[in-house]
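Each chain, written out:
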Amino acid sequence: MANILIVEDEKNMQNIICDYLHRGGHACFTADDGVDALMLLKNNPMDLMILDIMMPHLDGFSVCKTAREMSSLPIIMLTAKSDEEDKLKGYELGADDYMTKPFSPKILLAKTNALLRRTSITAADTGSDKQRLMLSAGKIMINPASRKVFADGAEITLTHKEYELLYFLMSNPEQIFSREQLLNRIWGYDFEGNTRTVDTHIKTLRQKLGSEGNSIVTLIRSGYKFEAAR
């Protein structure tokens, strides 16, 4: 059972989502606006958040951005628009997946369970990594036990997907991965987004790594690889 935060101002939709998640064995916390959502997130341990974009007081993008500064929990965003730019903005702010209204609650539950499984697998991998030495290359260092990342001696804050992406690339130095391979490896085969999602996350990851961001190399028409600075 997981604790799921549902942030949706439309009560009927909120109730439908809760009903399906309860059937899936999860505990639900609800918020009608972004301000209440952040308060709940601050005071209660959550495993995943389902977040509507259009809400009073504080929209979903603002909530997503602030939530990412507080936690690395998986976030599924809900939107009435199918506009690609809105989705890319959400991914850039740290969302893990998207669903466009109207949607199937069964599919939402399936996506929720898939994200929770991937998160638990990552957590299990982290636990098994406690006996490993830190992963380092150039001036970038990752502590798998604490999931902390340092660049040029300073700790940087990464989202769940950014961490997975960096860890995967650093664990396979000099190996070229296509955008499709990275999308399937990090986001999963059931992910609805496209390869621009990978580009967006790479761009943000490079920015956070500062001068060390050049270690993530783009190969035209091929993909990306990690190349440690010498």
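Residues numbered from 1 in each chain as written. Predicted model: local features only at pLDDT ≥ 70, side-chain atom pairs only at ≥ 80, totals over all residues. Heavy atoms only, no water.

Asks: For the packing of helix α6 (residues 160–171) against helix α8 (residues 196–209), give the residues involved together with the corresponding values.
Replies: The interhelical angle for the contact between α6 and α8, taken along N-to-C directions, is 80°, at an axis separation of 10 Å. Classed by the angle they form, the pair α6 and α8 counts as roughly perpendicular. Contact with α6, carried on its side by K161, E162, L165, L166 and L169, involves H201, I202, T204, L205, K208 and L209 of α8 and no other residues of that element. Within the contact of α6 with α8, the residues separate by chemical class into six nonpolar, two polar and three charged. (Axes fitted to C-alpha atoms, helices over the stretch in contact; angles between N-to-C directions. Helix = DSSP H or I, 4+ residues; strand = E, 2+ residues; numbered from the N terminus. Parallel < 35°, antiparallel > 145°, perpendicular 65-115°, else oblique. Contact = heavy atoms within 4.5 Å. Nonpolar A, V, L, I, M, F, W, Y, C, P; charged D, E, K, R; others polar.)

Asks: Tell me about the nonpolar core, residues and numbers included.
Replies: As a rule of thumb, soluble globular proteins bury nonpolar side chains together. L166, L169, L182, L209, I216 and F226 are the most contacted members of the largest nonpolar core, which has 26 residues in total. Apart from the residues within four sequence positions on either side, F226 is in contact with A137, I140, L166, L169, M170, P173, E174, S215 and I216. Core analysis: the next-biggest nonpolar cluster, separate from the first, contains 21 residues, L5, A37, M46 and M55 among them. (Core = buried A, V, L, I, M, F, W, Y, C linked by side-chain atoms within 4.5 Å. Buried < 20%, exposed > 50% of the residue type's maximum accessible area, 1.4 Å probe, protein only.)

Asks: Kindly report on the sheet that holds strand β4 (residues 75–79), identifying the contributing residues and their values.
Replies: Pairing is parallel across the open sheet formed by five strands, whose spatial order is β2-β1-β3-β4-β5. This sheet does not close on itself; its edge strands, each paired only once, are β2 (27–31) and β5 (97–100). The sheet shows a mean angle of 20° between the axes of neighbouring strands, direction not considered. Both strand β1 (residues 3–7) and β2 contribute to a ladder of five bridges, which runs parallel. Of the residues in β2, the one forming a bridge with I6 is T30. Contacts from helix α1 (residues 11–23) reach β1, β2, β3 (48–52) and β4 within the one sheet, and its direction differs from that of β2 by about 165°. Against the sheet, helix α4 (residues 84–93) touches β4 and β5, its axis set at about 150° to β5. (Pairing = 2+ DSSP bridges.)

Asks: Report on the pairing of strand β7 (residues 140–143), specifying residues and quantitative values.
Replies: With three bridges connecting them, strand β6 (residues 135–137) and β7 associate as antiparallel partners. Residue pairing in the sheet places A137 in a bridge with I140 of β7. Connecting β6 to the next strand, β7, in antiparallel fashion are two residues, including G138 with a positive phi near 60°. Inspection of the sheet shows β7 paired to strand β8 (residues 148–151) by four bridges, in the antiparallel sense. Bridged to M141 within β8 is F150.

Asks: Please give an account of the sheet that holds strand β9 (residues 154–156) that cites residues and values.
Replies: Here four strands make up an open sheet; going across it, the order is β6-β7-β8-β9 and the pairing antiparallel. Pairing within the sheet leaves two strands with one partner each, and these edge strands are β6 and β9. Direction aside, the axes of adjacent strands within the sheet are offset by 25° on average. Across three bridges, β8 lies against β9 in antiparallel orientation. When the sheet's bridge partners are listed, V149 is paired in β9 with I156. The strands touched by α6 are β6, β7 and β8; relative to β7, the strand with the most contacts, the crossing angle is about 110°.

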